[in-house]
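# Commentary on secondary and tertiary structure
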Amino acid sequence: MTDDVVKDELQSAIEARKELGDEMEPAVIDAFVERIERRLADRADRSERALYRKRNHQKEMVLGSMAISIPLFALAAIFTGLPGVIVVCAALVIIAVVSSRS
């Protein structure tokens, strides 16, 4: 919601109030407030959906990297020993940190 849109709507509500008179003032104000509240609710819904998608993506990344790490741990332990296992652990940490920041 940009400031220009709000100013335009406020200006039109003021003009409508002037044209309709004092007896219709509560209805004009209620309609204006209702439009603003609806926009705020829509904005909150979009924010919640974006946060849900982000958290879902993070969960998928961490769970996917953990699933891939199981065979990597086995291969690293068999062929390289402890240094390979440490590298796989470091890769898991990097994936978790990067997915939590994006």
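Above: the structure in question.
Note that the structure is a prediction, hence the values are computed from the model and not measured. (Residues numbered from 1 in each chain as written. Predicted model: local features only at pLDDT ≥ 70, side-chain atom pairs only at ≥ 80, totals over all residues. Heavy atoms only, no water.)

## Structural notes on the overall build of the protein chain
The test is simple: The helix and strand labels rest on DSSP assignments: H or I over at least four residues marks a helix, E over at least two residues marks a strand, and numbering proceeds from the N terminus. As defined in this context, the radius of gyration uses C-alpha atoms, and a globule is described by 2.2 Å times the residue total to the power 0.38.
The helix and strand inventory of the protein chain stands at 3 helices and 0 strands. What you see in the protein chain, going N to C, is helices and strands ordered as α-α-α. For 102 residues, the compact-globule formula gives about 13 Å, and the C-alpha radius of gyration of the protein chain, at 28 Å, lies well above that figure. Considered along the principal axes of its C-alpha atoms, the protein chain spans approximately 85 × 20 × 10 Å.

## Here we look at a nonpolar patch on the surface
The following threshold applies: For patch detection, residues must exceed 30% relative accessible area and be free of salt bridges, and they are connected within 9 Å for like charges or within 5 Å for nonpolar side chains (Val, Leu, Ile, Met, Phe, Trp, Tyr). The protein chains shown are the only cover counted for residues, whose accessible areas, like all others here, come from Shrake-Rupley with a 1.4 Å probe. Salt-bridge detection follows one rule: a side-chain nitrogen of Lys or Arg within 4 Å of a carboxyl oxygen of Asp or Glu. For every residue, the accessible area (1.4 Å probe, protein chains only) is compared with the maximum for its type, and the residue is labelled buried under 20%, exposed over 50%, or partly exposed between those bounds.
On the surface, a nonpolar cluster with roughly 560 Å² of combined accessible area is contributed by Ile68, Leu72, Leu75, Ile78 and Phe79. With respect to the helices, strands and loops of the structure, Leu75 is situated in helix α2 (residues 25-79). Its relative accessible area of 46% is what places Leu75 among the partly exposed residues.

## Some remarks on the packing of α2 against helix α3 (residues 82-101)
A packed helix pair is summarised by two numbers, namely the angle formed by the two axes and the spacing between the axes. The line we're drawing: Note on geometry: axes are C-alpha line fits, over the in-contact stretch for helices, and angles between N-to-C directions span 0 to 180 degrees. An angle below 35 degrees is read as roughly parallel, one above 145 as roughly antiparallel, one from 65 to 115 as roughly perpendicular, and any other as oblique. We call two residues in contact when some of their heavy atoms are within 4.5 Å. Amino acids are sorted into nonpolar (Ala, Val, Leu, Ile, Met, Phe, Trp, Tyr, Cys and Pro), charged (Asp, Glu, Lys and Arg) and polar (every other residue, Gly among them).
At a minimum axis separation of 9 Å, α2 and α3 run at an interaxial angle of 175 degrees. In terms of their interaxial angle, α2 and α3 are classed as roughly antiparallel. Residues Lys54, Gln58, Met61, Val62, Ser65, Met66, Ser69, Leu72, Phe73, Ala76 and Ala77 of α2 form the contact with α3, whose participating residues are Gly84, Val85, Val88, Cys89, Leu92, Ile95, Ala96, Ser99 and Ser100. Of the residues in the contact of α2 with α3, the class split is 13 nonpolar, 6 polar and 1 charged.

## Observations regarding a positive patch on the surface
To keep it simple, the criterion reads: Under the counting rule used here, the positive set is Lys and Arg, the negative set is Asp and Glu, and His together with the chain ends is not counted. Taken as the charge location is NZ of Lys, CZ of Arg, CG of Asp or CD of Glu.
The grouping of Arg43, Arg46, Arg49 and Arg53 at the surface amounts to a positive patch. As for its placement among the helices and strands, Arg49 is situated in helix α2. By relative accessible area, which is 47% here, Arg49 ends up partly exposed.

## Some words on the side chain of Ser65
In this structure, Ser65 sits in helix α2. Its relative accessible area of 10% is what places Ser65 among the buried residues.

## Regarding α2
Count 3.6 residues to each turn of an α-helix, and residues three or four apart come out pointing the same way. Applicable threshold: The length a helix should cover is 1.5 Å for every residue beyond the first. Bend at a given residue is defined as the angle between two axes, one fitted to the seven residues that end at that position and one fitted to the seven that begin there.
Counted at 1.5 Å a residue, the expected span for α2 with its 55 residues is 81 Å, and the 80 Å between its end C-alpha atoms agrees. The largest bend in α2 is about 30 degrees, located at Ser69, with the proline Pro71 one to four residues further on. Looking at α2, one finds that the buried residues are Val28, Phe32, Ile36, Gln58, Ser65, Ser69 and Ala76. Once α2 ends, the next one or two residues include Gly81, with phi positive near 80 degrees.

## Re α3
Worth spelling out the cut-off: Working note: the arc is built from the helix axis to C-beta atom directions.
Compared with the 28 Å implied by 1.5 Å per residue over 20 residues, the 29 Å span of α3 between its first and last C-alpha is a close match. Those residues of α3 lying buried are Gly84, Val88, Leu92 and Ser99. Down the axis, α3 shows its buried residues gathered within 85 degrees of arc, on one side only. For α3, exposure combined with an orientation more than 90 degrees from the buried face picks out Leu82, Pro83, Val87, Val93, Ile94, Val98 and Arg101. Packing partners of the buried residues in α3 comprise α2.

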